[in-house]
Amino acid sequence: MINYINILIYTLFILSINKLSYAKTAYKGNFYAICGMILALCIAIKDVNISHLPYLTISIILGALIGITYAKKVQMQNLPQMIALLNGFGGLSAGLIGIGEIITTTQTTFLHLFIVILGFITFSGSIASFIKLTSNIKLAADKIRPLLQDDARSLHKKDNLTLEIFTDSMRI
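In this text, all values refer to a predicted model and were calculated from it rather than measured experimentally.

### A short note on the overall build of the protein chain
Part 1 of the argument: A tally of helices and strands in the protein chain yields 6 helices and 0 strands.
Part 2 of the argument: In the protein chain, the succession of helices and strands from N to C terminus is α-α-α-α-α-α.
Part 3 of the argument: Out of the 172 residues belonging to the protein chain, those deemed buried represent 10%.
Part 4 of the argument: Of the roughly 13700 Å² of accessible surface on the protein chain, a fraction of 71% belongs to carbon and sulfur atoms.

### Here's the deal with helix H4 (residues 79-104)
Part 1 of the argument: The end-to-end C-alpha distance of H4, which contains 26 residues, comes to 37 Å, matching closely the 38 Å that a straight helix rising 1.5 Å per residue would cover.
Part 2 of the argument: All buried positions along H4 are accounted for by Gln81, Met82, Ala84, Gly88, Gly91, Gly95 and Gly98.
Part 3 of the argument: Those residues of H4 that are buried lie in contact with helix H3 (53-73) and helix H5 (110-134).

### What about the packing of aromatic side chains?
Any two aromatic rings considered together are summarised by their centre-to-centre distance and by the angle between their planes.
Part 1 of the argument: According to the stated counting rule, one finds 2 aromatic pairs in the structure shown.
Part 2 of the argument: Where Phe31 meets Tyr32, the ring centres are 6.4 Å apart and the plane angle is 55°; that geometry is what we call tilted.
Part 3 of the argument: Classification of Phe31 as partly exposed rests on a relative accessible area of 48%.
Part 4 of the argument: Between the aromatic rings of Phe110 and Phe114, the centroid separation amounts to 6.1 Å while the plane-to-plane angle is 25°, which identifies the pairing as stacked.

### A closer look at the environment of Ser16
Part 1 of the argument: Relative to the elements of secondary structure, Ser16 occurs in helix H1 (residues 2-19).
Part 2 of the argument: Taking the C-alpha atoms as reference points, Ser16 and Tyr32, separated by 16 residues in sequence, lie 5.2 Å from one another.
Part 3 of the argument: Leaving out residues up to four positions away in the same chain, Ser16 has contacts with Gly29, Tyr32 and Ala33.

### What about the layout of surface pockets?
Part 1 of the argument: The volume enclosed by the largest pocket comes to roughly 1200 Å³.
Part 2 of the argument: Lining the largest pocket we find 24 residues, and of these Asn30, Ala33, Ile34, Met37 and Leu86 sit closest to its centre.
Part 3 of the argument: At the level of secondary structure, the elements contributing two or more residues to the lining of the largest pocket comprise helix H2 (26-45), H3 and H4.
Part 4 of the argument: Classifying every residue of the lining of the largest pocket by side-chain character gives 20 nonpolar, 4 polar and no charged.
Part 5 of the argument: Considered as a void within the structure, the second largest pocket measures approximately 250 Å³ in volume.
Part 6 of the argument: Residue lining of the second largest pocket: Gly63, Ile66, Gly67, Tyr70, Val74, Asn78, Gln81, Met82, Leu85, Leu86, Phe89 and Phe130, and that is the complete set.
Part 7 of the argument: When contributions to the lining of the second largest pocket are tallied by element, the ones reaching two or more residues are H3 and H4.
Part 8 of the argument: Here the residues of the lining of the second largest pocket sort into 8 nonpolar, 4 polar and no charged.

### Quick look at the environment of Leu15
Part 1 of the argument: Topologically, Leu15 is positioned in helix H1.
Part 2 of the argument: Taking relative accessible area as the criterion, Leu15 reaches 32% and is therefore assigned partly exposed.
Part 3 of the argument: Taking the C-alpha atoms as reference points, Leu15 and Tyr32, separated by 17 residues in sequence, lie 6.8 Å from one another.

Conventions and cut-offs
Residues numbered from 1 in each chain as written. Predicted model: local features only at pLDDT ≥ 70, side-chain atom pairs only at ≥ 80, totals over all residues. Heavy atoms only, no water. Helix = DSSP H or I, 4+ residues; strand = E, 2+ residues; numbered from the N terminus. Buried < 20%, exposed > 50% of the residue type's maximum accessible area, 1.4 Å probe, protein only. Areas by Shrake-Rupley, 256 points an atom, 1.4 Å probe, with all protein chains shown as cover. Expected span 1.5 Å × (residues − 1). Contact = heavy atoms within 4.5 Å. Phe/Tyr/Trp six-rings, centres within 6.5 Å; stacked < 30°, edge-to-face > 60°. 1 Å grid on protein atoms, 1.4 Å probe; cavity = no way out; pocket = protein on both sides within 12 Å on 5 of 7 lines; lining within 4 Å. Points joined across faces, edges and corners; volume = space filled by probe spheres on them. Nonpolar A, V, L, I, M, F, W, Y, C, P; charged D, E, K, R; others polar.

And the structure:
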């Protein structure tokens, strides 16, 4: 039975990504994602130790309240920054969970290390994107890019000058 529910969850997430690609169907995409996440949480909660259930419930309610609050406060033009932060926190949580698994298991596998590395790469890249989108800090690439563009323009002018001299000499 669980395998069929997992297939349904995967299908809902795939449909949500497909529907989120277009503005007209984005509402359905969000609805599919919410349904998939609720099903995934139900499957995950069924294996939780009863003594951990209050902590899990508080975490879910607290996360939902924070998410709903910020979703209502954020303006449309700031949505990419919010998405970058949320993606970064997802990567951070994956990295921390991977570290927790490495600490608690007796045998560390390549998958554990891969999860930690991928999680922290996602976190650092998303934070860099957030900083770039908010334009608070100029990245090194922003400082180098104008220099490269000036060099390319001057090189292009030299090529045009050489071409003009060559074509003028052909006319003689």
